Amino acid sequence: MSNSTHIQTILNGTINSLKTILPMIIDVKSPSIINEPYEQLEMGVLIGLVGDIKGRIIIDGTPEKFSSLGSAMFGMPLEGAMLESFTGELGNMIAGNLCTYTVQHDLELDITPPTVMVGHTKLYGFKQAFKIPATIEGIGEIIILYTIDDEEDE
C-alpha cells in the first residue's frame, strides 16, 4: 500500500474513532496540511504510532474541554491529576480504536503510551502533519493532529 493510502486510512480511522468513543455529536472538518512547529496552547495528549507507518496523534484542547468530555462520558467533572489521567486515557481509547480500524484495512499499527502535555508546547520533528478540527456538541472544538515522521534517515 502507498503512503498516501496509509494516510487516508489513518485519517478516516481517526474520524471513525472519535465518533465511536465520544458519546456526542461531532462535526469533523476537512483536514489541512501544516508544517512544523505546531503550537499547543493549553493541554493535549500525544500518542506515537509505529508499524507500517510511523507518526504521532496529538489531541489538542483545553482543560475545560477535556473536563467536559470526562463529565459527559463518566458523569463527573474532572480536575487536577484525575483530569490529566483521563486525558491520557482518552488518547489511549482513540488511538487503540484507530489501530482496530486500520488492521481491518490492511495497515498494521501499534501505539506508544500516552504523553499528556500541559501548558504551551511547540512540537517539532515531523515532515508534515494533518490538522483535523472537530467540533463536539456542547463542548467546543478540539484539534486532532496526525504527524508523519520523516523516514529519510532509515
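None of the values given here were measured: they were computed from a predicted structure.

1. Some details on the pairing of strand E10 (residues 140-148)
In step 1: Extensive coverage of E10 is indicated by the burial of seven of its nine residues.
In step 2: Here strand E5 (residues 55-61) pairs with E10 via six bridges, running antiparallel. What sits directly across from Ile59, in E10, is Ile144.
In step 3: Bridge count between strand E9 (residues 128-136) and E10: nine bridges; the pairing is antiparallel. Considered in E10, the bridge of Thr135 is made with Glu141.
In step 4: Once E9 ends, the chain turns through three residues before running back antiparallel as E10, passing Gly138 with a positive phi of about 80 degrees.

2. Examining the nonpolar core
In step 1: If you look at the biggest cluster of nonpolar residues, it comprises 38 residues, and the most contacted ones within it are Leu18, Leu22, Ile59, Leu69, Leu90, Ile136 and Tyr146.
In step 2: Among the secondary structure elements, those contributing two or more residues to this core are helix H1 (3-21), strand E1 (26-28), strand E4 (43-51), E5, helix H2 (63-74), helix H3 (80-103), E9 and E10.
In step 3: Sort the elements by how many residues they give to this core and H3 lands first, with seven residues.
In step 4: Those residues in contact with Ile59, other than ones at most four positions away along the chain, are Met43, Gly44, Val45, Phe66, Gly91, Ile94, Ile142, Ile143 and Ile144.
In step 5: Counting 10 residues, the second largest nonpolar core, distinct from the first, contains Ile34, Leu46, Met117 and Ala129.

Thresholds, definitions, all that
- Residues numbered from 1 in each chain as written.
- Predicted model: local features only at pLDDT ≥ 70, side-chain atom pairs only at ≥ 80, totals over all residues.
- Heavy atoms only, no water.
- Buried < 20%, exposed > 50% of the residue type's maximum accessible area, 1.4 Å probe, protein only.
- Helix = DSSP H or I, 4+ residues; strand = E, 2+ residues; numbered from the N terminus.
- Pairing = 2+ DSSP bridges.
- Core = buried A, V, L, I, M, F, W, Y, C linked by side-chain atoms within 4.5 Å.
- Contact = heavy atoms within 4.5 Å.

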